[in-house]
Every structure is written in structure tokens, then in C-alpha cells.
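Fold and geometry: a report
If you want the building blocks of each chain, they are given just below.
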Amino acid sequence: FTLLTLAPGGSALAWVWDGRALSPRAAPTPGIFSTSSVEAARIVPARLSAFAAWRADSAADLPDFHRAASAVADAFSVRMSRPDARTVSLTEVVCAPHLGRLSMSYAPREDDGHFTVGHTWQLPLSHPQFFS
């Protein structure tokens, strides 16, 4: 499990859970953070290349990149599918202390298809000054 935190201004930090401990890890900026447990030396560069091409050709929102899949939704695809594993959801958490709220959007993926229309929860921040 990897949680990527982004701060206003572009700084990023990844938190990686290995099943026993949560550890911080540097995250590249600007760019994307990609992982693969299979053929990482080939798959991660392919995903980075796909992101660079998408970024050059698209003004779409970043979640659209995550929803995209190559012609064959395989291990190289951003919306990954392999016989032993697959991308199962798209989740985004946004902390907006200036608005006094925290939101979480969750869109599950049906089998090896597209992400379904998800749900967004809005949570009020009772002490927004702690997030400044």
C-alpha cells in the first residue's frame, strides 16, 4: 500500500505500508509515482513514458490518466490487470483547510473493466488551523 501526499507548491512524500510498518519514502516531483511488483525495470519506465505522452497531449484532469488503460489492459497499463493482480479502485483524498473540509472520493473497479461512478464524502474540519 502506498499513500502519496502532495502539499501546495508541489512537494510530495510517499508513505509505504509493507504489511508490518509504515515508512516515508521520497516521491519524485514533478511527475508520477509508479510501482510494480512484477518486471519493475520494464513496467515503471513504460508507465512514466505513458504519463509524459498523456501530459503532452491532454489537458484532462489527472484522474482521467488513472482511468485510462492501454489497448490491452495488462501489467504495463496504468489501469493494471494481470492474472494474479489488478488495480481495484481509484481513491483521492483532498484536505482543504481554507474551506474547512476534507473530502474522499472512492471509485471501485468492476472486474477488469472501467472504474464505476464512485462516491464522495465531505468531512468538516473542526480545527482547520492544525492543517495550515
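Our structure's up above, just so we're on the same page.
The following refers to the structure shown. As the structure is a prediction and not an experimental result, all values here were calculated from the model.

Section: the pattern of salt bridges
Tallied over the full model, the rule gives one salt bridge. Residue Arg82 is joined to Asp84 by a salt bridge in which the shortest nitrogen-to-oxygen separation is 2.9 Å. Classification of Asp84 by relative accessible area gives exposed; the value is 58%.

Looking at the pairing of strand 3 (residues 22-26)
In summary, the side chains of a regular strand alternate between the two faces of the sheet. Within strand 3, only zero of the five residues are buried, which leaves the element largely exposed. Pairing of strand 2 (residues 12-17) with strand 3, which is carried by five bridges, proceeds in the antiparallel orientation. Directly across from Trp17, in strand 3, lies its bridge partner Leu22.

Re the sheet that holds strand 6 (residues 119-124)
Spatially, the three strands line up as an open sheet ordered 4-5-6, and their pairing is antiparallel. One side of each edge strand has no neighbouring strand; the edge strands of this open sheet are strand 4 (89-96) and strand 6. Between one strand and the next, the sheet's axes are offset by a mean angle of 10°, whatever the strand orientation. Direction of pairing for strand 5 (residues 101-108) relative to strand 6: antiparallel, over a ladder of six bridges. Residue Ser105 lies in a different strand from strand 6, and its bridge partner there is Thr120.

Rules behind the numbers
Residues numbered from 1 in each chain as written. Predicted model: local features only at pLDDT ≥ 70, side-chain atom pairs only at ≥ 80, totals over all residues. Heavy atoms only, no water. Salt bridge = Lys/Arg side-chain N within 4 Å of Asp/Glu carboxyl O. Buried < 20%, exposed > 50% of the residue type's maximum accessible area, 1.4 Å probe, protein only. Helix = DSSP H or I, 4+ residues; strand = E, 2+ residues; numbered from the N terminus. Pairing = 2+ DSSP bridges. Axes fitted to C-alpha atoms, helices over the stretch in contact; angles between N-to-C directions.

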